[in-house]
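# Remarks on the overall topology
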Amino acid sequence: MAALHQPIEFYNSIGSPSVYLDKTHVSKCISAGAAACVSCSLFNPLDCLRVRWQVAPAKEGFLRYGEAIIRNEGVLEGLWRPGLGANVTGMCLSAAIRFGSYETVRDYLMAASASENSSFSKNARDDKQWSHILGSGLICGATGYWLTAPFHSLKTRQQANMGLTGSSGAASSLRSVDGAYIANRRTAVAGVISELQITMRKNGVFGLWKGAMPLTARGALFTAGQMIGYDGLKTCSKSYGVRDGPYLHLAASIAASFCASAMSAPADLMTARFITSGMTLSQCAREIYHVGGVAGFWRGWTLSFVRLTPVMLTFST
């Protein structure tokens, strides 16, 4: 992550921690949102394939399942368009919140943890600890995903509707995420605003936040994993004399992708199952465990890691 161009003043006149924001904070939010727009637009097919495979009734592997989708539906209609608008909107807004505020929250936690240490200096980056990285990642991730939950939930519903029909393109006997039999596959690529309005008319404003709990947990674990992998690895490597450069950046980005996908995979699968099945979270967890055991909670992890690696390189550049 880029360093702050302006130093943060950690204490106010009465000695309590405080953080002052400047235009650098705004620029981080804008750049993070722009990077999310680009990466989500490019890699939505992999995200759609992951969600469709997670909820599909078929037991085949994701490679064979993806081949069937491309053969029967094409890349554009089967994988690229479903949920694209909601995915780009949700990730753009959540990335601006999560990555734009991460360093500010992290530095605030560093200042707060050292509030009783009179020798605490303004060069607080030398006092960065794993707890600061983990805590700020959890806070920023949970906040960003909860605020943008309607878009993430809509994206999952639209992509899952495609998965519930199966790769053959015919409506299955399963019910869609709205409780009705799937009759028109074009609903998976309907406009974001129109779909949100339909949800509000049917379920009220709070209906927009259906599935927000596992989504928020997913966002918190995802962001914490990313920051532990990237910020944590770079901080640890520098403490051992490793020079910052493209090779360290590459290694940290891969580590961020691995940690983010591994930590968020169970919550990611729970979100997809919860939104599509109509079951409670505990029922979803029991079903996943009954079918695949503990390892079943990481279904789709490989796809997530492959999709996230180039995204992490984009965000971290």
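The notes below deal with the structure included here. (Residues numbered from 1 in each chain as written. Predicted model: local features only at pLDDT ≥ 70, side-chain atom pairs only at ≥ 80, totals over all residues. Heavy atoms only, no water.)

### What to know about a nonpolar patch on the surface
So the rule is basically this: Patch construction takes residues with relative accessible area above 30% that form no salt bridge. Like charges are linked within 9 Å, and nonpolar side chains (Val, Leu, Ile, Met, Phe, Trp, Tyr) are linked within 5 Å. Each accessible area is a Shrake-Rupley estimate made with a 1.4 Å probe; only the visible protein chains count as cover when residues are assessed. Here, a salt bridge means any Lys or Arg side-chain nitrogen found within 4 Å of an Asp or Glu carboxyl oxygen. Only DSSP runs of H or I with at least four residues qualify as helices, and only runs of E with at least two residues qualify as strands; both kinds are numbered from the N terminus onward.
A surface patch of nonpolar side chains, about 340 Å² in accessible area, is lined by Ile70, Val75, Leu76 and Trp80. A per-element tally of the nonpolar patch places helix H3 (residues 75-80) first, with 3 residues. Along the chain, Leu76 falls in helix H3.

### Side note on the packing of aromatic side chains
Put simply, the rule reads: Centres within 6.5 Å make a pair out of two Phe, Tyr or Trp rings, where for Trp the six-membered ring is used; the pair is then stacked when the planes are under 30 degrees apart, edge-to-face when over 60, and tilted otherwise. When the NZ atom of lysine or the CZ atom of arginine is within 6 Å of a ring's centre and also within 35 degrees of its normal, the charge is said to sit over that ring.
Counted under the stated rule, the structure contains 5 aromatic pairs. Judged by centre distance (5.6 Å) and plane angle (70°), the ring pair of Trp53 and Phe62 falls under edge-to-face. Just above the ring of Trp53 sits the side chain of Arg299; from NZ or CZ to the centre is 3.8 Å.

### Section: empty space enclosed by the protein
Definition in use: Only protein atoms enter the 1 Å grid used here, on which a cavity is any set of points holding a 1.4 Å probe that cannot leave and a pocket is any open set flanked by protein within 12 Å on both sides along at least five of seven lines; residues with an atom within 4 Å of a point are listed as lining. Grid points are joined across faces, edges and corners, and a volume is the space filled by probe spheres set on the points. Side-chain classes are defined by residue name, with Ala, Val, Leu, Ile, Met, Phe, Trp, Tyr, Cys and Pro counting as nonpolar, Asp, Glu, Lys and Arg as charged, and the others, Gly among them, as polar.
Summed over all chains, the structure comprises 3 cavities of 30 Å³ or more. Estimates place the volume of the largest cavity at around 250 Å³. Lining the largest cavity are 22 residues, with Arg50, Met91, Tyr145, Lys155 and Arg218 sitting closest to its centre. The biggest single contributor to the lining of the largest cavity is helix H1 (residues 23-55), with 6 residues. Residue classes in the lining of the largest cavity are distributed as 10 nonpolar, 6 polar and 6 charged.

### Topic: the side chain of Glu103
Rules: Polar contact is defined as a pair of N or O atoms within 3.5 Å, subject to the rule that within protein one atom must be able to donate a hydrogen and the other to accept it, and that residues adjacent in sequence are counted only when both atoms are side-chain atoms.
With respect to the secondary-structure elements, Glu103 resides in helix H4 (residues 84-113). At a separation of 2.5 Å, a polar atom in the side chain of Glu103 contacts the side chain of Lys28.

### Quick word on the nonpolar core
Our working rule: Take the buried residues of types Ala, Val, Leu, Ile, Met, Phe, Trp, Tyr and Cys, join any two whose side-chain atoms come within 4.5 Å, and each joined set is a nonpolar core. Accessibility here uses a 1.4 Å probe with only protein chains present; expressed as a share of the type maximum, an area under 20% marks a residue as buried, one over 50% as exposed, and anything in between as partly exposed. Residue contacts are counted whenever heavy atoms from the two residues lie within 4.5 Å of one another.
Counting 12 residues, the largest nonpolar core consists of Ala32, Ala36, Cys40, Val88, Met91, Ala95, Phe99, Tyr102, Ile133, Cys140, Tyr145 and Met227. At the level of secondary structure, the elements contributing two or more residues to this core comprise H1, H4 and helix H5 (130-147). Per-element tally for this core: the top contributor is H4, with 5 residues. Once residues lying within four places of it in the same chain are set aside, the contact partners of Val88 are Cys37, Cys40 and Ser41.

### Examining the packing of H5 against helix H8 (residues 212-239)
How two helices sit against one another is set out by the angle between their axes and by the gap between those axes. Stated precisely, the cut-off is as follows: A fitted line through C-alpha atoms serves as each axis, taken over the contacting stretch for helices, and the angle formed by two N-to-C directions is quoted from 0 to 180°. Here is the rule for handedness: rotate from the far helix to the near one, and if that takes an anticlockwise turn smaller than a right angle the crossing is left-handed, while a clockwise turn gives right-handed.
Put simply, H5 and H8 touch, their axes get as near as 7 Å, and they point 145° apart. As for how H5 packs across H8, the hand of that crossing is right-handed. The residue inventory of the contact of H5 with H8, partitioned by class, reads 16 nonpolar, 6 polar and 2 charged.

### Side note on the side chain of Ser153
Along the chain, Ser153 falls in helix H6 (residues 149-165). The residues contacting Ser153, other than those within four sequence positions of it, are Lys210, Leu215 and Ile275.

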